[in-house]
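So the chains spell out like this:
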Amino acid sequence: MASLQITICAMSTMPEDQPLVCDLARAHPTKVVPCFGYHPWFTYRISIHPSTSKDDHYRSLFLPTSSQDQCQDPAHISAYQRLLPLLPDPIGLDYILSELRRNLEAFPEAMLGEVGLDRAFRVPFDYYAERRELTPFTVPFDHQLAILEAQLELAVELGRNVSIHSVKSQLATAELLAKMQIKHQENWSRISLDLHSCGLSPESWRDIERKYKNVFLSLSTVINSRSPNHRALIATCSPTRLLVESDFHNVDKCTERTWDMVKTVAEVRGWPLESEWIDDLDEDDWGTVRKLEENWFRFKKGYHATSSGTVATRQSK
Ligand SMILES: [Zn+2]
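Notes on the structure in this doc start here. (Residues numbered from 1 in each chain as written. Predicted model: local features only at pLDDT ≥ 70, side-chain atom pairs only at ≥ 80, totals over all residues. Heavy atoms only, no water.)

Brief notes about helix α5 (residues 93-106)
Link 1 in the chain: With 14 residues, α5 should reach 20 Å at 1.5 Å per residue; the first-to-last C-alpha distance of 20 Å fits that figure.
Link 2 in the chain: Every buried residue of α5 is listed here: L93, I96, E99, L100, N103 and L104. For α5, the angular spread of buried residues about the axis comes to 135°, placing them on one side.
Link 3 in the chain: On its buried face, α5 is in contact with α1 (18-27), β2 (32-36), β3 (46-47), β4 (91-92), β5 (111-118) and α6 (141-158). (Helix = DSSP H or I, 4+ residues; strand = E, 2+ residues; numbered from the N terminus. Expected span 1.5 Å × (residues − 1). Buried < 20%, exposed > 50% of the residue type's maximum accessible area, 1.4 Å probe, protein only. Arc of directions from axis to C-beta. Contact = heavy atoms within 4.5 Å.)

So this is what it looks like as structure tokens:
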């Protein structure tokens, strides 16, 4: 952290790392934008009905009686029996939300993140194992959605920006944005949303960009460089909605990884890349870093125009 020369948005994902992000932001207030939230990969540890037992909770997610075939599949039953003792006691959603509120309120600049939807993730037997062995279980989509929506409600209420993970959930993500916009109107437009390491098709992104003024697209080399799709996304995206990120867990690599994506954006868009920093520059002379910086400022500021064209106004609390 001492040698870090950029500001990072440090994401939380699970119960154990919320206090770590909190500590990091307290220790390095000028270098860390703390982000609190529960990632879809760990939502199985959250119980929507807090009075259920550990076994009932995990059984309802992984061996649901509504899907008889899966429930009676001997391979699933034995995987479940092996997995259950390795799982922690579930934590109630109410508790999660009150802790999230406390953390967000403690840091006025804090964002909600990383939250989202993931249809590809399979629950591992031991997440921390060197070679992660996967169970046959995914986290039911309705469960992920309920937890995401509850967190988004809080972000809207507190006026906080959001980093959203969306994997193999293109349609559901689009439907959720539509639902939130209808439900929250101006309050929705005052927050910004980042589709982080965005894997949407260029067509889907264009549709989202047209409908919502508050959604930004960010790309990372770690995730997006696996597919040539990211270059098409960079080419398609409005120059005012593009962001870059590292999506990397090791802080030593954050700057370098982000810079790699800056270079890709410069190359695809044909924008010049700064080799020195000049304070006063005409917008026509802006390079890639300056353009991306401006997008980040707009993302941070929020209060976007709604689809009907009105601008959300600052509300007194
Ligand atoms: Zn992610």
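Details of the coordination of the zinc ion
Link 1 in the chain: For the zinc ion, every protein donor is listed as E114 (OE), H165 (ND1) and H196 (NE2), and the spread of their distances is 1.9 to 2.1 Å.
Link 2 in the chain: When the donor residues of the zinc ion are listed from N- to C-terminus, their spacing reads E-x50-H-x30-H. Remark: H196 occurs in the loop between β7 (193-195) and α8 (202-211) and H165 occurs in strand β6 (residues 162-167); sequence separation between them is 31 residues.
Link 3 in the chain: Relative accessible area serves as the criterion here: at 9%, H165 is assigned to the buried category.
Link 4 in the chain: Judged by its relative accessible area of 6%, H196 is buried. (Donors = N, O, S within 2.8 Å, 3.2 Å for Na, K, Ca; no water.)

Section: a negative patch on the surface
Link 1 in the chain: Together, D282, E283, D284, D285 and E294 line one region of the surface with negative charge.
Link 2 in the chain: Tracing the backbone through its elements, the reader meets D282 in the loop between α11 (251-269) and α12 (288-301).
Link 3 in the chain: For D282, a relative accessible area of 53% gives the class exposed. (Patch = residues over 30% accessible without salt bridge, like charges linked within 9 Å, V, L, I, M, F, W, Y side chains within 5 Å. Areas by Shrake-Rupley, 256 points an atom, 1.4 Å probe, with all protein chains shown as cover. Salt bridge = Lys/Arg side-chain N within 4 Å of Asp/Glu carboxyl O. Lys, Arg positive; Asp, Glu negative; His and termini not counted. Charge placed at Lys NZ, Arg CZ, Asp CG, Glu CD.)

With respect to the sheet that holds strand β9 (residues 242-244)
Strand-to-strand pairing in sheets goes through backbone hydrogen bonds, with the strands running parallel or antiparallel.
Link 1 in the chain: Strand order in the open sheet made by the 7 strands is β1-β2-β5-β6-β7-β8-β9, with parallel pairing throughout. In the strand order of this sheet, the two ends are held by β1 (8-11) and β9, each with one partner. With strand direction ignored, the average angle separating the axes of adjacent strands in the sheet is 30°.
Link 2 in the chain: Inspection of the sheet shows strand β8 (residues 215-219) paired to β9 by 3 bridges, in the parallel sense. Bridge pairing in β9 links L217 to L242.
Link 3 in the chain: Sheet strands touched by α1: β1 and β2. Its angle to β2, the strand with the most contacts, is close to 160°. (Pairing = 2+ DSSP bridges. Axes fitted to C-alpha atoms, helices over the stretch in contact; angles between N-to-C directions.)

Some details on the nonpolar core
Link 1 in the chain: Judged by nonpolar contacts, the single largest core of 50 residues is most densely connected at V162 and W205.
Link 2 in the chain: Here this core gets 7 residues from one element, more than from any other, and that element is α6. (Core = buried A, V, L, I, M, F, W, Y, C linked by side-chain atoms within 4.5 Å.)

Overview of the pattern of salt bridges
Link 1 in the chain: Summed over all chains, the structure comprises 10 salt bridges.
Link 2 in the chain: Two residues, K179 and E149, come together in a salt bridge whose shortest N-O distance is 2.8 Å. Here E149 lies in helix α6 and K179 lies in helix α7 (residues 170-189), a separation of 30 residues in the sequence.
Link 3 in the chain: A relative accessible area of 41% means that K179 is categorised as partly exposed.
Link 4 in the chain: Overall, the relative accessible area of 16% leaves E149 in the buried class.
Link 5 in the chain: Between D260 and K263 there is a salt bridge; the shortest N-O distance is 3.8 Å. Of this pair, D260 and K263 both sit in helix α11, 3 residues apart, which is roughly one turn of that helix.
Link 6 in the chain: When its relative accessible area of 28% is taken as the criterion, D260 is described as partly exposed.
Link 7 in the chain: On the basis of relative accessible area, K263 is assigned to the partly exposed category, the value being 38%.
Link 8 in the chain: Overlapping salt bridges bring together D207, R210 and K211 as one network.

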